[in-house]
Amino acid sequence: MSAPITIRLGPRARARIAADGVQAADIAIVPAAAGGPKGLILNGLDCWLFGEFFRHAPRQRRLIGASIGAWRMAASAFDDPLAAHQRLARLYAGQRYPDKVTPAYVSQTCRALLDELLDGRDAEVLNHARHQLSVITARGIGALRNTNGARWREMTGFLLAAAGNAVSRRRLAASMERVIFHHPDDDGRWLRDGFDAFANHFVGLSQANLRDALLASGSIPLVLEAVGNIVGAPEGAYWDGGLIDYHLHLPYQRDPGLVLYPHFSDYLVPGWLDKSMPWRRARDAALDNMILVSPSAEFVRTLPNAKLPDRKDFHVYSQDHASRNRDWLKAVGESQRMAEAFARWCERPDLKQAASF
């Protein structure tokens with residue numbers, strides 16, 4: 001059977017593994033991409049990494065994510081991450097929406113999902129001694145500064161943002177800013193020196209803003225409502241962090257440790273609006289210390305419908321919620337094969353099997 005995973009290594013990561021093997025103690029950062037249901041395929045890896053691999057080498061690690069990636073990393077920071085990841089997969093796959101739905105309804109449903117995921121254990125996420133969560137959001141400025149929930153204003157603002165981004169990613173910075181909600185013991189110093197065109201704001205996570213930050217990070221424009229009045233954060237409308245940081249192209253090379261990136265793709269796209277622009281894929285020093293593990297094309301062909309779960313499934317399956325839930329959970333179950341393959345590779349890393357960026 002073909003390998004269910006693809007592994008890519010940056011040059012610094014390759015050299016470290018060649019010298020010392022794959023050591024959990026070397027992993028300093030775990031990023032998690034936006035991407036909605038695609039994130040379900042990483043459940044097996046998440047459960048193994050946080051339920052087993054990292055437990056044998058406790059150290060401070062930065063867990064940083066946008067959208068579903070932020071939700072996954074929040075689950076990773078529970079005292080029992082295995083149970084939290086299983087709960088997240090069940091809740092996410094079990095979403096149900098009527099045929100005609102409003103952004104307010106979707107926002108209410110996602111807020112209820114997060115309430116069930118956190119299960120009254122916010123303090124575990126906020127006070128984890130070793131795993132420090134950061135949640136990325138996008139704050140609207142310019143035409144997106146104050147849409148007051150008016151759909152036409154949002155649509156106009158995002159059309160202008162998309163037009164600017166088509167010319168240059170730098171122009172997207174005129175429409176939104178990056179706001180990072182971070183663990184109380186991690187000030188995000190590695191991100192504070194500018195690394196791209198976007199203004200950055202840093203806000204400490206607390207009981208008062210954790211849920212709003214997580215909801216904002218997954219608030220897809222025109223699908224969910226913007227989140228406003230977040231405690232401790234600059235005033236404004238907050239949207240899905242994937243708009244700016246779809247695959248989290250961040251300055252990882254600033255950390256002396258390694259980055260372990262479970263991802264649903266074998267490349268990094270900077271922003272959600274860059275998906276159709278292959279020339280914007282990350283190819284710089286930010287990948288030097290990265291281990292990226294993703295599903296292989298052969299593995300994906302074995303999944304229901306021969307593809308990863310995605311947001312289009314809500315329309316394809318329509319009101320057949322049971323079939324979508326069944327197929328998404330089947331993909332979650334199959335993801336265990338990815339975890340098993342990566343665990344074997346970590347025990348005896350064959351660098352010839354790992355591609356380079």
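Look a little higher up for the structure.
Residues numbered from 1 in each chain as written. Predicted model: local features only at pLDDT ≥ 70, side-chain atom pairs only at ≥ 80, totals over all residues. Heavy atoms only, no water.

Overview of the overall build of the protein chain
Using the following cut-off: Helix numbers and strand numbers start at the N terminus; a helix is a DSSP run of H or I with at least 4 residues, a strand a run of E with at least 2. Each radius of gyration is computed over the set of C-alpha atoms, and the globule rule expresses the reference value as 2.2 Å times the number of residues to the power 0.38. Three exposure classes are used, based on accessible area relative to the maximum for each residue type with a 1.4 Å probe and protein chains only: buried under 20%, partly exposed in between, and exposed over 50%. By definition in these notes, contact holds between two residues if any of their heavy atoms fall within 4.5 Å. Areas reported here follow the Shrake-Rupley algorithm with a probe of radius 1.4 Å; residue values treat only the protein chains shown as occluding. Only four residue types enter the charge count, namely Lys and Arg as positive and Asp and Glu as negative; His and the chain termini do not. Working definition for charges: the position is that of NZ of Lys, CZ of Arg, CG of Asp or CD of Glu.
Scanning the protein chain for helices and strands turns up 13 helices and 10 strands. Its C-alpha radius of gyration of 19 Å places the protein chain within 12% of the 21 Å reference for a compact globule of 357 residues. Taken over the C-alpha atoms alone, the protein chain extends approximately 55 × 50 × 40 Å along its principal axes. Counting only residues that meet the buried cut, the protein chain has 56% of its 357 residues in that class. Within the protein chain, counting contacts between residues at least 6 apart in sequence, those at least 24 apart form 78% of the total. Carbon together with sulfur atoms contributes 50% to the accessible area of the protein chain, which is approximately 14900 Å² in total. Placing the 44 positive and 38 negative side-chain charges of the protein chain at their respective mean positions leaves the two points 5 Å apart.

Focus: helix 3 (residues 68-76)
Of all 9 residues in helix 3, 9 are buried; the element is thus mostly enclosed. Among all positions in helix 3, only Ile68, Gly69, Ala70, Trp71, Arg72, Met73, Ala74, Ala75 and Ser76 are buried.

Quick notes on the side chain of Arg324
Stated formally: A carboxyl oxygen of Asp or Glu within 4 Å of a side-chain nitrogen of Lys or Arg is what we treat as a salt bridge.
Counting through the fold element by element, Arg324 comes out in helix 13 (residues 321-347). Buried within the structure, Arg324 lacks any salt-bridge partner; Asp313 is the closest side chain of opposite charge, at an N-O distance of 7.1 Å. Look past the residues within four positions of Arg324 in its chain and what remains in contact with it is Ala93, Gln95, Arg96, Asp313, Phe314 and Tyr317.

Remarks on the pairing of strand 4 (residues 131-140)
Rule in force here: DSSP-based pairing: two strands are paired if at least 2 bridges between them are found.
Most of strand 4 is tucked away: 10 of the 10 residues are buried. Covered by surrounding structure in strand 4 are His131, Leu133, Val135, Thr137 and Arg139 together with Gln132, Ser134, Ile136, Ala138 and Gly140, the residues of both alternating faces. Sheet topology note: the strand 3 (residues 61-66)/strand 4 ladder contains 6 bridges and is parallel. Counted as the bridge partner of Arg62 is Gln132 from strand 4. The pairing of strand 4 with strand 5 (residues 176-182) spans 7 bridges and is antiparallel. Its bridge partner being in strand 5, Ser134 is matched across the sheet by His182. Of the strand pairs in this sheet, strand 4 and strand 7 (residues 238-240) are connected by 3 bridges, and their pairing is antiparallel.

Remarks on the environment of Pro304
Relative to the elements of secondary structure, Pro304 occurs in the loop between helix 11 (297-300) and helix 12 (313-316). In this view, Pro304 contacts Asp327 and Lys330; residues no more than four positions away in its chain are not counted.

A look at helix 10 (residues 210-217)
The α-helix winds at 3.6 residues per turn, so residues separated by three or four positions along the chain end up facing the same way. Within helix 10, 7 of the 8 residues are buried, which leaves it mostly tucked inside the rest of the structure. Looking at helix 10, one finds that the buried residues are Leu210, Asp212, Ala213, Leu214, Leu215, Ala216 and Ser217.

Regarding the packing of helix 3 against helix 4 (residues 81-93)
We apply this condition: Between N-to-C directions, angles cover 0 to 180 degrees, with each direction set by a line fitted to C-alpha atoms, over the stretch in contact for helices.
Relative orientation of the contacting elements helix 3 and helix 4 amounts to 145°, with a least axis distance of 7 Å. Here Ile68, Trp71, Arg72, Ala75 and Ser76 of helix 3 come into contact with helix 4, specifically with Pro81, Ala84, His85, Leu88 and Tyr92.

Concerning the nonpolar core
Rule in force here: Note on terminology: a nonpolar core comprises buried Ala, Val, Leu, Ile, Met, Phe, Trp, Tyr and Cys residues joined through side-chain atoms within 4.5 Å.
Counting residues in each nonpolar core, the largest one holds 103 residues, and the members touching the most others are Phe181, Ile291 and Phe342. Among the elements that make up this core, the one with the highest residue count is helix 13 (10 residues). If we skip the residues at most four places from it in the chain, Phe181 touches Leu133, Ser134, Val135, Thr137, Val203, Leu205, Asn209, Ala213, Ile230, Ala233 and Tyr238. Formed by 12 residues, the second largest nonpolar core is a distinct cluster that contains Phe158, Leu172, Ala173 and Ile244.

Observations regarding the pattern of salt bridges
Two side chains with opposite charge may pair up if their charged atoms get near one another. Under the defined criterion, the tally for this structure stands at 19 salt bridges. Across the pair Arg111 and Asp212 runs a salt bridge whose closest N-O atoms are separated by 3.0 Å. Taken together, the residues span a long stretch of sequence, with Arg111 in helix 5 (residues 103-118) and Asp212 in helix 10 at a distance of 101 residues. The salt bridge involving Arg178 is made with Asp245; its shortest N-O contact spans 2.7 Å. With Arg178 in strand 5 and Asp245 in the loop between strand 7 and strand 8 (258-262), this residue pair connects regions lying 67 residues apart in the sequence. Asp245 shares its class with Arg178; the two are buried.

Some thoughts on unusual backbone geometry
A positive phi angle is found at Leu222, which is not glycine, with a value near 70°. With respect to the secondary-structure elements, Leu222 resides in the loop between helix 10 and strand 7. Non-glycine residue Asn229 carries a positive phi angle of around 55°. When you line up the elements, Asn229 lands in the loop between helix 10 and strand 7. Exposure remark for Asn229: the relative accessible area of 72% places this residue in the exposed category.

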